[in-house]
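Below are the chains, spelled out letter by letter.
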Amino acid sequence: MIRYVILDDEPIAHRIIEGFADKLPMLHKVGNAYNAFEALSLLKESKTDLLFLDINMPELSGFEFLKTLSLPPKIIVTSAYKEFALEGYELDVMDYLLKPFAFERFLKAVNKVILLEKNEIPLEGSERNQYIFIKSGKKQIRISLDDILFIEAAGNYCKVFLENQMILTLYKISTFEKELPYNFLRIHHSFIISKEKIQIIEGNQIKIGDHSIPIGQTYRSTVNKMLSR
């Protein structure tokens with residue numbers, strides 16, 4: 001189920017989006033907002049996965065509002081102005097629907113959100129040389145599993161730490177835990193490590209390179225089982 005909010009100052013735009021959304025059982029409306037302040041209240045009060053965002057509104061534009069959100073939901077822009085499309089993608093919106101848009105175009109945009117919500121990370125390559133593609137911003141980045149030091153949950157995102165790089169992705173840590181092979185271990189609510197990269201285990205800390213990673217109390221037995229093998 002994807003919970004959505006519509007932010008648009010035109011009532012007819014709300015009716016059109018609602019009509020399209022009613023055809024898709026996976027969409028559930030949280031509420032309607034006709035200005036940024038109403039939208040902010042809705043986002044604070046209710047879990048929202050997707051925001052249909054108009055740009056040209058009084059007092060505070062859609063993009064100005066989006067920039068105020070520290071952890072925004074996924075965004076599908078709905079605008080009559082194509083000249084703002086580039087700025088929209090720089091803000092990492094999922095799609096940009098130019099009004100008036102047909103149901104088929106609406107469905108294509110929503111499908112992008114659905115695929116991301118599934119959080120599927122396909123493993124590829126041979127067993128000894130596996131890699132994954134993860135989405136970061138507008139890029140799909142190929143990462144060898146041998147290069148991953150650890151993964152840290154950060155709000156709605158995850159940070160994937162490599163030797164000389166950190167990649168931010170919208171994949172959830174629970175998805176990484178489910179998809180990654182046996183040589184990765186979850187040791188904390190917010191951390192998954194590569195067992196092959198462990199250098200020191202001391203008390204409730206694991207050292208990997210310059211990083212000290214905490215062992216969560218509920219995961220301590222998992223770490224002890226690994227050490228006893």
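How each quantity is defined
Residues numbered from 1 in each chain as written. Predicted model: local features only at pLDDT ≥ 70, side-chain atom pairs only at ≥ 80, totals over all residues. Heavy atoms only, no water. Helix = DSSP H or I, 4+ residues; strand = E, 2+ residues; numbered from the N terminus. Buried < 20%, exposed > 50% of the residue type's maximum accessible area, 1.4 Å probe, protein only. Areas by Shrake-Rupley, 256 points an atom, 1.4 Å probe, with all protein chains shown as cover. Arc of directions from axis to C-beta. Contact = heavy atoms within 4.5 Å. Polar contact = N/O pair within 3.5 Å; in protein donor to acceptor, adjacent residues only side chain to side chain. Salt bridge = Lys/Arg side-chain N within 4 Å of Asp/Glu carboxyl O. Pairing = 2+ DSSP bridges. Patch = residues over 30% accessible without salt bridge, like charges linked within 9 Å, V, L, I, M, F, W, Y side chains within 5 Å. Lys, Arg positive; Asp, Glu negative; His and termini not counted. Charge placed at Lys NZ, Arg CZ, Asp CG, Glu CD. Right-handed = clockwise from strand over helix to strand, strands pointing away. Axes fitted to C-alpha atoms, helices over the stretch in contact; angles between N-to-C directions. Phe/Tyr/Trp six-rings, centres within 6.5 Å; stacked < 30°, edge-to-face > 60°. Lys NZ or Arg CZ within 6 Å of the ring centre and 35° of its normal.

Asks: Sorry if this is basic, but what is going on with the overall build of the chain here?
Replies: Of regular secondary structure, the chain possesses seven helices and 16 strands. Counting only C-alpha atoms and orienting by the principal axes, one finds that the chain spans roughly 65 × 35 × 30 Å. For the chain, with 229 residues in total, the buried portion stands at 43%. Taken as a whole, the chain presents about 12,600 Å² of accessible surface, with 50% of it coming from carbon and sulfur.

Asks: How should I be thinking about helix H2 (residues 36–45) in this particular structure?
Replies: Structurally, the α-helix is built with 3.6 residues per turn, so residues lying three or four positions apart point the same way. Every buried residue of H2 is accounted for by Ala36, Ala39, Leu42 and Leu43. Taken around the axis of H2, the buried residues stretch over an arc of 120 degrees, which confines them to a single face. In H2, the exposed positions that point more than 90 degrees away from the buried face belong to Lys44 and Glu45. On its buried face, H2 is in contact with strand S1 (2–7), strand S2 (27–33) and helix H3 (62–67). The residue sitting at the N-terminus of H2 and contributing the capping side-chain oxygen is Asn35; that oxygen lies 3.0 Å from the backbone nitrogen of Phe37.

Asks: Just checking my understanding: could you explain the pattern of salt bridges for this structure?
Replies: Per the stated rule, a full pass over the model turns up nine salt bridges. In this structure, Asp49 and Lys47 form a salt bridge, with 3.2 Å as the shortest nitrogen-oxygen distance. Accessibility expressed as a relative area gives 8% for Asp49, which makes it buried. Here Arg186 ties to Glu177 by a salt bridge, and the two come within 2.8 Å at their closest N and O atoms. Overall, Glu177 belongs to the partly exposed group, its relative accessible area being 41%.

Asks: I would appreciate a short explanation of the pairing of strand S11 (residues 166–169) in the present structure.
Replies: Regular strands show a simple pattern: their side chains alternate between the two faces of the sheet. Covered by surrounding structure in S11 are Ile167 and Thr169 only, the residues Met166 and Leu168 on the alternate face being uncovered. Relative to S11, strand S10 (residues 157–162) runs antiparallel, the two sharing four bridges. The residue of S11 that forms the bridge with Lys159 is Leu168. Connecting S10 to the antiparallel partner S11 that follows it, the hairpin turn spans three residues.

Asks: For this particular structure, what's the right way to read a negative patch on the surface?
Replies: Judged by side-chain charge, Asp146, Asp147, Glu163 and Glu196 come together as a negatively charged surface patch. Structurally, Asp146 can be placed in the loop between strand S8 (139–144) and strand S9 (148–154).

Asks: Which parts of the structure should I look at to understand the pairing of S2?
Replies: With six bridges connecting them, S1 and S2 associate as parallel partners. Bridging across to S2, Tyr4 finds its partner in Lys29. This β-α-β element, S1 to helix H1 (residues 11–21) to S2, shows right-handed connectivity.

Asks: Help me understand the sheet that holds strand S12 (residues 184–188) in this model?
Replies: Sheet strands line up and pair through hydrogen bonds in the backbone, either parallel or antiparallel. Strand order in the open sheet formed by five strands is S11-S10-S9-S13-S12, with antiparallel pairing between adjacent strands. Two strands in the sheet have a free side with no partner beyond their single neighbour: S11 and S12. Between one strand axis and the next, the sheet turns by 20 degrees as a mean value, whatever way the strands run. Note: S9 against S10, six bridges, orientation antiparallel. Considered in S10, the bridge of Ile148 is made with Leu162.

Asks: What is the right way to look at H1 in this model?
Replies: Residues of H1 that are buried include every one of Ala13, His14, Ile17, Glu18, Phe20 and Ala21, and no others. Taken end-on, H1 shows its buried residues confined to a sector of 160 degrees, consistent with a single buried face.

Asks: Please clarify how the packing of aromatic side chains should be interpreted in this entry.
Replies: Working definition: an aromatic ring pair is given by the centre-to-centre distance plus the angle between the planes. Tallying each qualifying case throughout the model produces 11 aromatic pairs. When the ring of Tyr131 is compared with that of Phe133, the centres are 6.0 Å apart and the planes differ by 85 degrees; the resulting orientation is edge-to-face. On the basis of relative accessibility, which here comes to 15%, the residue Tyr131 falls in the buried class. For Phe133, a relative accessible area of 31% corresponds to the partly exposed category. For the pair Phe150 and Phe191, a centre-to-centre distance of 6.2 Å together with 50 degrees between the ring planes defines the contact as tilted. Linking Phe150 in strand S9 with Phe191 in strand S13 (residues 191–194), this pair joins segments that are 41 residues apart in sequence. Exposure remark for Phe191: the relative accessible area of 10% places this residue in the buried category. Note that Lys23 overlies the ring of Phe103, its terminal NZ or CZ placed 4.8 Å from the centroid.

Keep in mind these numbers describe shape, not what the thing actually does.
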